[in-house]
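Read off the chains here:
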Amino acid sequence: MSEFINNREMRQQVIKDILKQLHEGKSVEEVKKLFEEAFDGVSATEITDAETALMEGGLPVEEVQKLCDVHAAVFKGSIAEIHHPQDPAKIPGHPVHTLEAENRYLERIMEEEIKPNLVKAEKKEALLAGIEKLEKIALHYQRKENLFFPYMEKYGITAPPKVMWGVDDEIRAQIKEVKSLVVQNAPADVLLPKAEEALNKAAEMIFKEEKIMVPMLLEQLTQDEWESIGIESAELGYLIENVPVWKPDKTKKDEPKIEQEEPEVKEGIIKLPSGVFNLEELVCMLNTLPFDITFVDKNDEVKFFSEGKERTFPRTRAIIGRNVSNCHPPASVHIVENIVQDFKDGKKDQEDFWIKMGGKYVFIRYYAVRNEAGEYLGVLEVTQDIQPIQEITGEKRLVSE
């Protein structure tokens, strides 16, 4: 039996068999018993590999998502911890430390501000305040979905992000529903089951983040990648205050991950801080924008304009290099010059105008373009017909037919 357990491939097969049995209708208790008999412990990566294999075999993501809570119940307490020389969860400012600190905050909200007030009619205001705090879990999930998930996918870990994102959406919707029930003074027999389901699912997600997602990330990410996550996390914001800036110890080199090295930038490629284009992609992307943009540099010369199919104002390539004052009629040129001067002097950063033109309602916006040091680089003009936007009513969700 020990030879079987120590065989990684066989262990993976047993995990897949267990998951399949769950899908075939076996009870959680039956599967847990089988699991305990077969294993002393299993790594988070092996669980992930098993789920990925099932999905690659044709099992829909939605099916794995439905059983996500069951999976957590089966594997809880059996996942082997991945040890590191220095536990990132204990380093203030490290993204893992911040994630776990936010999870402790969310647990406190659920345990101290929501659960005790669910059955007390006189505590409705306190209950609503707690639920509104818990609603901000959306920011926690947003950072996970936009920072952690891309790195998981980069290293070939594709199944967990899909499943977890679906469950995140369910949790957000359930919290919103519970808040609505409280506002409507729903009876306890309606409110309590909904609240219990939402809180349990949120608590299970905390377990999955810390015991499944984090160990997989720690196995793969370099210190520079963790640093990038920390920097961009600060841009998105946190649930907690006073998160310090974390810098990796550059004296400790990461093991090289040759397969993950960025390809050398080739000729014709425009590399930007947030992405890479080839020239054709960049031109077509700018010309597909649903508005016109024009850039005038710090010397007041027109440097660029987009060439979309539907233009608000005519532009020809002959204006490139032309002084912006010469691109406007005499009656309005002084207005443009004043805007540009205010931008240069630092008096303004933006100026807006809106005019009726036939069947269009044209919104014209001017922005001062500055570098990170605050130095003036030029003006960006954005022009858009907002008439169709003003006519929008109701909602159209991403999943609407």
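Fair warning: this is a prediction, and the values are worked out from it, not measured in the lab.

**Q** Sorry if this is basic, but what is going on with the packing of helix 7 (residues 95-114) against helix 8 (residues 124-135) here?
**A** When two helices pack together, their arrangement is captured by the angle between the axes and the distance separating the axes. Between helix 7 and helix 8, the least distance of the axes is 9 Å, while the angle of their chain directions is 165°. As far as their axial angle goes, helix 8 and helix 7 are roughly antiparallel. For helix 7 against helix 8, the interelement crossing comes out left-handed. Residues Tyr105, Leu106, Ile109, Met110, Glu113 and Ile114 of helix 7 touch helix 8, and the partners they reach there are Ala126, Leu127, Gly130, Ile131, Lys133 and Leu134.

**Q** Please explain the environment of Cys327 as it appears in this structure.
**A** With respect to the helices and strands, the residue Cys327 is situated in the loop between strand 4 (302-305) and helix 14 (330-345). Residue Cys327 is classed as partly exposed on the basis of its relative accessible area of 29%. Measuring from C-alpha to C-alpha, the distance between Cys327 and Arg315 comes to 9.5 Å, with 12 residues separating the pair along the chain. The contact partners of Cys327, leaving out residues within four places of it in the chain, are Val302, Ile319 and Arg322.

**Q** What's the story with the side chain of Glu113 in this structure? I'm lost.
**A** Mapped onto the elements of the fold, Glu113 is located in helix 7. The class for Glu113 is buried, based on a relative accessible area of 16%. In terms of polar contacts, Glu113 uses its side chain to reach the side chain of Arg108, at 3.1 Å. Looking at Glu113, its side chain comes within polar contact range of the side chain of Lys133, at 3.1 Å.

**Q** Would you mind going over the sheet that holds strand 6 (residues 360-370) with me for this structure?
**A** Strands pair in a sheet through their backbones, by hydrogen bonds, and they do so in one of two ways: parallel or antiparallel. Sheet architecture is open: 5 strands sit in the order 4-3-7-6-5, paired in antiparallel fashion. Because the sheet does not close on itself, it has two edges, and the strands there are strand 4 and strand 5 (350-357). Taken pair by pair, the neighbouring strands of this sheet meet at an average axis angle of 15°, ignoring direction.

**Q** Sorry if this is basic, but what is going on with helix 11 (residues 188-220) here?
**A** Structurally, the α-helix is built with 3.6 residues per turn, so residues lying three or four positions apart point the same way. Its 33 residues place the ends of helix 11 46 Å apart at the C-alpha level, agreeing with the 48 Å of an ideal helix rising 1.5 Å per residue. Along helix 11, the helix axis deviates most sharply at Glu209, where the bend reaches about 35°.

**Q** How should I be thinking about the environment of Lys162 in this particular structure?
**A** Mapped onto the elements of the fold, Lys162 is located in helix 10 (residues 159-183). Residues Lys162 and Glu145 lie 17 residues apart in sequence; the distance between their C-alpha atoms is 9.5 Å.

**Q** For this particular structure, what's the right way to read the pairing of strand 6?
**A** Each regular strand shows side chains that alternate between the opposite faces of the sheet. As paired strands, strand 5 and strand 6 are joined by 8 bridges and run antiparallel to one another. Bridging from a neighbouring strand, Phe353 pairs with Ile364 of strand 6. Between strand 5 and strand 6, which pair antiparallel and follow one another directly, the connecting turn spans 2 residues, one of which, Gly358, has a positive phi of 60°. In terms of strand pairing, strand 6 meets strand 7 (residues 376-385) through 9 bridges, oriented antiparallel. When the bridges of strand 7 are listed, Tyr366 appears paired with Glu381. Connecting strand 6 to the next strand, strand 7, in antiparallel fashion are 5 residues, including Gly374 with a positive phi near 85°.

**Q** Would you explain unusual backbone geometry in this entry?
**A** Apart from glycine, the bulk of residues carry a negative phi angle, and the bulk of peptide bonds sit in the trans form. The phi torsion at Asn242 lies on the positive side, around 60°, for a residue other than glycine. Following the sequence through the fold, Asn242 ends up in the loop between helix 12 (223-236) and strand 1 (269-272). Of the residues examined, Asn242 reaches a relative accessible area of 76% and is grouped as exposed. Located in the positive-phi region is Asp300, a residue other than glycine, with phi close to 70°. Mapped onto the elements, Asp300 comes out in the loop between strand 3 (292-297) and strand 4.

**Q** Whenever I open this one, the packing of aromatic side chains confuses me. Can you help?
**A** The description of two aromatic rings rests on the distance between their centres and on the angle between their planes. Evaluated as defined, the whole model comprises 4 aromatic pairs. An angle of 65° between the planes, with centres 6.2 Å apart, marks the rings of Phe148 and Trp226 as edge-to-face. With Phe148 in helix 9 (residues 137-154) and Trp226 in helix 12, this residue pair connects regions lying 78 residues apart in the sequence. With a relative accessible area of 1%, Trp226 lands in the buried category. Here the aromatic rings of Trp354 and Phe363 are separated by 6.0 Å at their centres, their planes lie at 65°, and the arrangement is edge-to-face.

Calculation criteria
- The numbering scheme is per chain: residues are counted from 1 as the chain's sequence reads.
- Owing to the predicted nature of the model, reporting of local features is limited to residues with pLDDT of at least 70; listing and counting of side-chain atom pairs is limited to 80 or more, with chain, interface and lining totals taken over all residues.
- Hydrogen atoms and water are omitted, and side-chain values are computed over all heavy atoms in the structure.
- Note on method: axes are straight lines fitted to C-alpha atoms, helices fitted across the in-contact stretch only, with angles between N-to-C directions ranging 0 to 180 degrees.
- Secondary structure is summarised from DSSP: a helix means a run of H or I of at least four residues, a strand means a run of E of at least two, and numbering begins at the N terminus for each.
- Note on terminology: angles under 35 degrees are roughly parallel, angles over 145 are roughly antiparallel, angles of 65 to 115 are roughly perpendicular, and the others are oblique.
- Two helices cross in a left-handed way if the nearer one is turned anticlockwise from the farther one by less than a right angle. They cross in a right-handed way if the turn is clockwise.
- By definition in these notes, contact holds between two residues if any of their heavy atoms fall within 4.5 Å.
- Only protein chains enter the accessibility calculation, which uses a 1.4 Å probe; a residue whose area is less than 20% of its type maximum is buried, one above 50% is exposed, and one in between is partly exposed.
- Polar contacts here mean pairs of N or O atoms no more than 3.5 Å apart (in protein, one a potential hydrogen donor and the other a potential acceptor; neighbouring residues in sequence count only if both atoms are side-chain atoms).
- Only when DSSP finds a minimum of two bridges between them are two strands counted as paired.
- To estimate the expected span of a helix, count its residues, drop one, and scale the result by 1.5 Å.
- Note on bend: the value at a residue is the angle between axes fitted to the seven residues ending there and to the seven starting there.
- Working definition: a ring pair exists when centres of Phe, Tyr or Trp rings (six-membered ring for Trp) sit within 6.5 Å. Plane angles under 30 degrees give stacked, over 60 give edge-to-face, the rest tilted.

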